[in-house]
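A look at the structure
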Amino acid sequence: MSRDLHQRAVVADAHNDLLTAVTARPPHRWAGYFRERWLPQLREGGVDVQVLPVFIDDRFRPEGALRETLRMIECAHTLAEGNADEVRLCLDGDDIDAAFADGRIALVLALESAPGLDANVELLPTLHRLGVRIASLAHWGRTALADGSGEDATGSRLTEAGVQALGEMERLGILFDVSHLGASGVAHVLELATRPVLATHSSARALLDHHRNLTDEQMRGIAATGGMVCVNFLGEFLATAQADRTVDRLADHIVHIAEVIGVGRVGLGPDFIKEVSDDTTPPCCEDVEYARLLVPGLEGPRGLPLVTEALVRRGLPEGDVEKILGGNVLELFRKELGRPA
């Protein structure tokens, strides 16, 4: 029954760093490599909406961050154009509906921490023209716009440029992503936001006290904007003991968030980093401890039906499961994606 439910549902993944893996190949291989390596996984996982974050590795920062940002955006356009029978790069809800009508996967571009901007907020309209529709201002550390959650001890709010960036994103119709943002920064955003705020890949701090997770209060604030929380699948953010890093523990986080802010405010933000690591790390350099971060069975998109099974085992109504799998993200994207203020 759960397999049928998964196939019927819209499945939205709010965070998969697959662009990092694809851009590791020569440009002439981008479209073909996506088709060979990633498209089968997305199809087997039933993914209908895929957010593609542009994550800039430390080796490109600071001087090469903007160049690599543009290179990854070009990669997204190239793989979409080269696989136009299977995917569509979407700028708004109408584009997503058009992709669905043709049986294609809807791709949505996002910036993760936006190091290519530095403090040049005037570049946001440029990136919007190139297709960016979601953005965050920080990763683990400090940027010119805000501090990541790894810097929580500083108590830092958004910088002046960060405040300007939030305003510009709301003007343009770029959804603001608070995942990775420091606690004081999240509070600052919630004070200022006039449009829905999104957490693309964050779990529940009430179940695991990790700085990358969101408190119940933060989640209520996000929901109050009309936004939502998409749950991270990484075991590191779900449970302390490796033995407890299971699909059922992930379901604990999903159910808890639904109880706190309502089932209509929850989605999935898997953060399938093993798949990216496998694509980009030479066999000689594999981190033998890496597997400790993962939930068995959820190493990549193929495992997404396991989430549906876990939620069905919890006794959630089918309609609620459909909302969590992707219905909520789809509703938010239809209303807000690319819609100017």
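The sections below set out a description of the structure shown in this document. (Residues numbered from 1 in each chain as written. Predicted model: local features only at pLDDT ≥ 70, side-chain atom pairs only at ≥ 80, totals over all residues. Heavy atoms only, no water.)

The final tally for this structure, using the stated rule, is 20 salt bridges. With its nearest N and O atoms 2.9 Å apart, the salt bridge here joins Arg302 to Glu44. Placement of the pair is Arg302 in the loop between helix H11 (273-280) and helix H12 (304-313) and Glu44 in helix H3 (residues 30-44), with a sequence separation of 258 residues. The exposure class assigned to Glu44 is partly exposed, which follows from its relative accessible area of 49%. (Salt bridge = Lys/Arg side-chain N within 4 Å of Asp/Glu carboxyl O. Helix = DSSP H or I, 4+ residues; strand = E, 2+ residues; numbered from the N terminus. Buried < 20%, exposed > 50% of the residue type's maximum accessible area, 1.4 Å probe, protein only.)

So, on to the pairing of strand S8 (residues 228-231). Where burial is concerned, the two faces of S8 agree: the one with Met228 and Cys230 and the one with Val229 and Val231 are both buried. Following the backbone out of strand S7 (residues 197-199), through helix H9 (residues 216-224) and into the adjacent parallel S8, one traces a crossover that is right-handed. For the crossover from S8 across helix H10 (residues 247-261) to strand S9 (residues 266-268), the handedness is right-handed. (Right-handed = clockwise from strand over helix to strand, strands pointing away.)

What follows deals with helix H13 (residues 318-336). Along its 19 residues, H13 runs 26 Å from first to last C-alpha, staying within 8% of the 27 Å computed at 1.5 Å per residue. Turning to H13, its buried residues are Val321, Ile324, Leu325, Gly326, Asn328, Val329, Leu330, Leu332, Phe333 and Glu336. Just past H13, the residue Gly338 takes up positive phi, approximately 70°. (Expected span 1.5 Å × (residues − 1).)

Another point: helix H8 (residues 183-192). Within H8, burial applies to Gly185, Val186, His188 and Val189. For H8, the buried positions fall inside an angular range of 160° around the axis, keeping them on one side. In this structure, the buried residues of H8 make contact with helix H7 (160-172), strand S6 (175-177), S7 and H9. (Arc of directions from axis to C-beta. Contact = heavy atoms within 4.5 Å.)

The next subject is the nonpolar core. Core analysis: the biggest nonpolar cluster contains 87 residues, and Leu19, Phe34, Val178, Leu181, Val189 and Ile254 have the highest contact counts within it. The greatest single-element share of this core, amounting to eight residues, is contributed by H10. Contacts of Leu181, omitting those with residues within four sequence positions, involve Ala138, Ala146, Asp147, Gly148, Ser149, Leu158, Phe176, Val186 and Val189. Judged by nonpolar contacts, the second largest core, of 20 residues, contains Val49, Ala106, Val108 and Leu198. (Core = buried A, V, L, I, M, F, W, Y, C linked by side-chain atoms within 4.5 Å.)

Looking now at the packing of aromatic side chains. Summed over all chains, the structure comprises two aromatic pairs. Between Trp140 and Phe237, the aromatic rings sit 6.4 Å apart at their centres with planes inclined by 40°, giving tilted as the arrangement. Taken together, the residues span a long stretch of sequence, with Trp140 in the loop between strand S5 (132-135) and H7 and Phe237 in the loop between S8 and H10 at a distance of 97 residues. Among the residues examined, Phe237 registers a relative accessible area of 3% and is labelled buried. Ring geometry for Phe233 and Phe272: centres 5.7 Å apart, planes at 90°, overall edge-to-face. One end of the pair, Phe233, is in the loop between S8 and H10; the other, Phe272, is in the loop between S9 and H11, with 39 residues separating them in the sequence. Of the residues examined, Phe233 reaches a relative accessible area of 3% and is grouped as buried. The ring of Trp38 carries Arg37 above its face, with NZ or CZ at 5.5 Å from the centroid. One cation-aromatic arrangement involves Arg212 over Phe237; the distance from NZ or CZ to the ring centre is 5.3 Å. (Phe/Tyr/Trp six-rings, centres within 6.5 Å; stacked < 30°, edge-to-face > 60°. Lys NZ or Arg CZ within 6 Å of the ring centre and 35° of its normal.)

As a further point, take the side chain of His139. Mapped onto the fold, His139 is located in the loop between S5 and H7. A polar contact is formed between the side chain of His139 and the side chain of His180, at a distance of 3.3 Å. Once you skip the residues sitting within four places of it in the chain, His139 turns out to touch Phe55, Glu112, Ser113, Gly148, Ser149 and His180. (Polar contact = N/O pair within 3.5 Å; in protein donor to acceptor, adjacent residues only side chain to side chain.)

Most of strand S2 (residues 47-55) is tucked away: eight of the nine residues are buried. Direction of pairing for S2 relative to strand S4 (residues 105-112): parallel, over a ladder of seven bridges. Bridging from a neighbouring strand, Gln50 pairs with Leu107 of S4. (Pairing = 2+ DSSP bridges.)

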